[in-house]
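Commentary on secondary and tertiary structure
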Amino acid sequence: MSDQFTRYEEDLIGFIKSCKTILADKIPIAQADERKSLIRQLRQTTDDISRIIEDMEIEMRKFGPNSRASMNNKLKQYKLDVEIIQKEMKKAVDVSSNFRNYQSINQNDPERNKLLQIHSSLMNTNDTIVRSTQIAIETEQLGNNVLTELNEQGERLRNANDQLDDTKSALYRSKRILKKLSMG
């Protein structure tokens, strides 16, 4: 892997962590104006992340298939992280606009409470799906890495077999020469 790709990756990981922190820790407790500011910040950061991913894709093209496969798997994971961040950001925007609508509804309304419970249940289900998707991608990456390693080992075995065949041929020729010399 190139130093440039690694630098891009380090920047990308920092931006993704920053977005996740804002989404998990800051937005839920932010007031309306601060929430808008945080959402703007998230949009700018996701734009930066997209540019870095594009740069990483360009950098990745400079390498052979084995290196590219590994880099591509990482990029898939990062793209999934960005999609998750964008979905969470959309939820934050929706929650922000819905909050204004909820303020006009009576706080003791049983229908509202039921809707809030359903919403909470849906959010938990969504989080479970996101975690499952991440596990599936990590499993796919692991499988691709194993496949790459097996291909490399297969190539080494084919080379060793070719060398063995060459050695057998050389040994056979040597035996014939020695036989001719002893007879001759």
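Parameters at a glance
Residues numbered from 1 in each chain as written. Predicted model: local features only at pLDDT ≥ 70, side-chain atom pairs only at ≥ 80, totals over all residues. Heavy atoms only, no water. Helix = DSSP H or I, 4+ residues; strand = E, 2+ residues; numbered from the N terminus. Rg over C-alpha atoms; globule rule 2.2 N^0.38 Å. pLDDT = per-residue confidence, 0-100. Buried < 20%, exposed > 50% of the residue type's maximum accessible area, 1.4 Å probe, protein only. Polar contact = N/O pair within 3.5 Å; in protein donor to acceptor, adjacent residues only side chain to side chain. Salt bridge = Lys/Arg side-chain N within 4 Å of Asp/Glu carboxyl O. Axes fitted to C-alpha atoms, helices over the stretch in contact; angles between N-to-C directions. Parallel < 35°, antiparallel > 145°, perpendicular 65-115°, else oblique. Left-handed = near helix turned anticlockwise from the far one by under 90°. Contact = heavy atoms within 4.5 Å. Patch = residues over 30% accessible without salt bridge, like charges linked within 9 Å, V, L, I, M, F, W, Y side chains within 5 Å. Areas by Shrake-Rupley, 256 points an atom, 1.4 Å probe, with all protein chains shown as cover. Core = buried A, V, L, I, M, F, W, Y, C linked by side-chain atoms within 4.5 Å. Expected span 1.5 Å × (residues − 1).

1. Thoughts on the overall build of the protein
- When you go through the protein residue by residue, the secondary structure sums to four helices and zero strands.
- Across the protein, helices and strands are ordered from the amino to the carboxyl terminus as α-α-α-α.
- Relative to the compact-globule value of 16 Å for 184 residues, the protein shows a C-alpha radius of gyration of 29 Å, a clear excess of over 25%.
- Counting only C-alpha atoms, the protein reaches 115 × 35 × 20 Å along its principal axes.

2. Side note on the confidence of the model for the protein
- Across the protein, the average pLDDT comes to 85, with 91% of residues at or above 70.
- At the level of individual helices and strands, the protein shows its lowest average pLDDT in helix α3 (residues 65–103), which scores 77, and its highest in helix α4 (residues 110–183), which scores 90.

3. Let's talk about the side chain of Glu 9
- Following the sequence through the fold, Glu 9 ends up in helix α1 (residues 3–26).
- For Glu 9, a relative accessible area of 10% gives the class buried.
- Reaching out from Glu 9, the side chain makes a polar contact with the side chain of Tyr 78 at a distance of 2.5 Å.

4. Overview of the pattern of salt bridges
- Taken as a whole and assessed by the stated rule, the structure comprises nine salt bridges.
- A salt bridge links Glu 149 to Arg 156; the nearest nitrogen and oxygen atoms lie 3.5 Å apart.

5. Describing the packing of α1 against helix α2 (residues 32–60)
- Interaxial distance between α1 and α2 falls to 9 Å at its minimum, and their mutual angle equals 155°. Judged on the interaxial angle alone, α2 and α1 are roughly antiparallel. Taken as a pair, α1 and α2 cross one another with a handedness that is left-handed.

6. Focus: the side chain of Thr 46
- Along the chain, the position of Thr 46 falls in helix α2.
- A residue is classified by how much of its surface remains accessible, and Thr 46, at 3% relative accessible area, is buried.
- Beyond its immediate chain neighbours, meaning those up to four positions away, Thr 46 contacts Cys 19, Ile 85, Gln 86 and Met 89.

7. A short note on a nonpolar patch on the surface
- On the surface, Leu 115, Ile 118 and Leu 122 cluster together to form a nonpolar patch covering roughly 290 Å² of accessible area.
- Within the secondary structure, Leu 122 is located in helix α4.
- Its relative accessible area of 54% is what places Leu 122 among the exposed residues.

8. Re the environment of Asn 66
- Along the chain, Asn 66 falls in helix α3.
- Separated by 83 residues in sequence, Asn 66 and Glu 149 have C-alpha atoms that sit 9.0 Å apart.
- Aside from chain neighbours lying at most four places away, what touches Asn 66 is Thr 148 and Glu 152.

9. Thoughts on the nonpolar core
- Counting 24 residues, the largest nonpolar core has Leu 12, Ile 27, Leu 42, Ile 49, Ile 53 and Met 56 as its most contacted members.
- For this core, the elements supplying multiple residues, two or more each, are α1, α2 and α3.
- In terms of residue count, the dominant contributor to this core is α2 (eight residues).
- Leaving out residues up to four positions away in the same chain, Met 56 has contacts with Phe 5, Tyr 8, Glu 9, Leu 12, Leu 75 and Tyr 78.

10. With respect to α1
- Its 24 residues give α1 an end-to-end C-alpha distance of 33 Å, which sits within 8% of 34 Å, the value for a rise of 1.5 Å per residue.
- Burial in α1 covers these residues: Phe 5, Tyr 8, Glu 9, Leu 12, Ile 16, Cys 19, Ile 22 and Leu 23.

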